[in-house]
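For reference, the chains in residue letters:
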Amino acid sequence: MGIKSFQGARKQQSTVVQNVPLKVSDYMTKDLITFTPNQTIETVMETLVKNRISGGPVVNEKNELIGIISEGDCVKQISESRYYNMPMQDKTIEQHMATNVETIDGNMNIFDAANKFLKEKRRRFPIVENGKLVGQISQKDVLKAAMQFKGQTWK
């Protein structure tokens, strides 16, 4: 018979999925807003609000990742400043940033990254190559990646 099997057409479709980028590095943000440890809490808060971001990586002068500062870290400092009646001026983020930073591999599959976000309950993961910060992937970046797979087989 001259009828093609339905399975043959499905296999052909799966090759389309393989041509779509699947790595974290394909979806990560490379143009990052970063902070330095000697910046003040107030400066960081202004940057977060102005750029509508919830946090960002803290790097040294060699662009090496040394921490993450978030809205939550800033809110905690506001609360402590009021409690102890000590103004925040001149307080740097060095003592208030998270230094136990978990990174993610840029070669990781985007679906594995989604699973890591669920397990670790993080909003963002920095990507480091050869000791230098090269990008960051957020939950929103994973959502954008998933939108490209709409209607595809996710295997």
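Above this text is the structure in question.
Everything numeric here is computed off the predicted structure, so don't read it as measured data.

**Focus on the nonpolar core**
Residues Val24, Tyr27, Ile104, Ile110, Ile127 and Ile137 are the most contacted members of the largest nonpolar core, which totals 13 residues. At the level of elements, α2 (24–27), α5 (110–120), β3 (124–129) and α6 (139–148) are the ones that each hand at least two residues to this core. Among the nonpolar cores identified, the runner-up in size contains nine residues, and Phe35, Leu48, Ile69 and Met97 belong to it.

**Remarks on α6**
Owing to its 3.6 residues per turn, the α-helix aligns residues three or four sequence positions apart on the same side. The complete set of buried residues in α6 reads Asp141, Val142 and Ala145. What you see down the axis of α6 is that its buried residues fit within an arc of 100°, all on one side. Across α6 from its buried face, at more than 90 degrees, point the exposed residues Lys140, Leu143, Lys144 and Met147. Buried-residue contacts for α6 involve α2, α5 and β4 (132–138).

**Things to note about the pairing of β4**
Buried residues dominate β4, accounting for five of its seven residues. Summarising the sheet, β3 and β4 pair through six bridges and their orientation is antiparallel. Opposite Ile127, over in β4, you have Gly135 as the bridge partner. Between β3 and the antiparallel strand that follows it, β4, lie two residues; Asn130 among them carries a positive phi value of about 50°.

What counts and how
Residues numbered from 1 in each chain as written. Predicted model: local features only at pLDDT ≥ 70, side-chain atom pairs only at ≥ 80, totals over all residues. Heavy atoms only, no water. Core = buried A, V, L, I, M, F, W, Y, C linked by side-chain atoms within 4.5 Å. Buried < 20%, exposed > 50% of the residue type's maximum accessible area, 1.4 Å probe, protein only. Helix = DSSP H or I, 4+ residues; strand = E, 2+ residues; numbered from the N terminus. Arc of directions from axis to C-beta. Contact = heavy atoms within 4.5 Å. Pairing = 2+ DSSP bridges.

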